[in-house]
Amino acid sequence: MTLMRKTAKDYGLLLDHDPRGNRRLSVTKAGKSPRRNGRRLQYATGTLYQRCFQHVSTILWRHHDQRLQPQEEAGRQYHPITEEAAVQIRLLLDAVAGTERADKAERLARAIADLHPCESGWWYACHKNRNRPRRVLEALTLMYA
């Protein structure tokens, strides 16, 4: 088994609200200064936000020993994260967005949150580099959920 090593926190997890006032969870590339958020790589709002929030919090807890607090007010939260955590969260957002049924999405999200960073990195690379990402997600579901 590969040991997790300390890596630079080149990515960020941003909790804020979109222009309509809906809560939004974003994975960002880190900005030049600690207070800057950088550019958004992927985000979740609405139903996707509700399905993913608890599992993203679990991933953040496993990687950085931090818990997410739901955004109720107009403020924002920014958490610097490593590349491994960003890849796992992006895989989670893609997988849950591509699943129609809520129970299947819940099982898949729980399985992705439990993956080792090496496994999630491999699945994410397969998902992005193949011409059939739906088949990769079906294989992921078959293997773990």
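Residues numbered from 1 in each chain as written. Predicted model: local features only at pLDDT ≥ 70, side-chain atom pairs only at ≥ 80, totals over all residues. Heavy atoms only, no water.

A. Summary view of the pairing of strand 2 (residues 23–29). The buried fraction of strand 2 amounts to five of the seven residues, a majority that puts the element mostly inside the structure. In terms of strand pairing, strand 2 meets strand 3 (residues 40–45) through five bridges, oriented antiparallel. By the bridge assignment for strand 3, S26 is matched with Y43. (Buried < 20%, exposed > 50% of the residue type's maximum accessible area, 1.4 Å probe, protein only. Helix = DSSP H or I, 4+ residues; strand = E, 2+ residues; numbered from the N terminus. Pairing = 2+ DSSP bridges.)

B. Focus on the pattern of salt bridges. Evaluation of the coordinates by the stated rule reveals nine salt bridges. Linking D16 and R24 is a salt bridge whose minimum nitrogen-to-oxygen distance equals 3.2 Å. For the pair formed by D16 and R24, the shared burial category is buried. Between R101 and D103 there is a salt bridge; the shortest N-O distance is 3.0 Å. (Salt bridge = Lys/Arg side-chain N within 4 Å of Asp/Glu carboxyl O.)

C. Highlighting the packing of aromatic side chains. All chains considered together, the criterion is met by three aromatic pairs. Seen from their ring centres, W122 and W123 are 5.0 Å apart, and the 85 degrees between their planes marks the pair as edge-to-face. For W122, a relative accessible area of 52% translates into the label exposed. Given a relative accessible area of 8%, W123 falls into the buried group. Judged by centre distance (6.2 Å) and plane angle (80 degrees), the ring pair of W123 and Y144 falls under edge-to-face. Residue W123 is found in helix 4 (residues 117–129), and its partner Y144 is found in helix 5 (residues 133–144); the two are separated by 21 residues along the sequence. Following the ring pairs from residue to residue traces out a cluster consisting of W122, W123 and Y144. (Phe/Tyr/Trp six-rings, centres within 6.5 Å; stacked < 30°, edge-to-face > 60°.)

D. View of helix 3 (residues 102–113). The end-to-end C-alpha separation of helix 3 is 16 Å, in line with the 16 Å expected for 12 residues at 1.5 Å each. Of all the residues in helix 3, the buried ones are A105, L108, A109, A111, I112 and A113. (Expected span 1.5 Å × (residues − 1).)

E. Just the side chain of H55, in detail. Considering the arrangement of structural elements, one finds H55 in helix 1 (residues 46–64). Exposure remark for H55: the relative accessible area of 7% places this residue in the buried category. Within the structure, the side chain of H55 is placed 3.2 Å from the side chain of E106, a separation counted as a polar contact. With residues up to four places along the chain from it excluded, the contact list for H55 reads L92, E106, A109, R110 and A113. (Polar contact = N/O pair within 3.5 Å; in protein donor to acceptor, adjacent residues only side chain to side chain. Contact = heavy atoms within 4.5 Å.)

F. Examining the packing of helix 3 against helix 5 more closely. Put simply, helix 3 and helix 5 touch, their axes get as near as 10 Å, and they point 75 degrees apart. With respect to their mutual orientation, helix 3 and helix 5 come out roughly perpendicular. On helix 5, the residues touching K104, L108, A111 and I112 of helix 3 are L140, T141 and Y144. Tallied by class, the residues present in the contact of helix 3 with helix 5 amount to five nonpolar, one polar and one charged. (Axes fitted to C-alpha atoms, helices over the stretch in contact; angles between N-to-C directions. Parallel < 35°, antiparallel > 145°, perpendicular 65-115°, else oblique. Nonpolar A, V, L, I, M, F, W, Y, C, P; charged D, E, K, R; others polar.)

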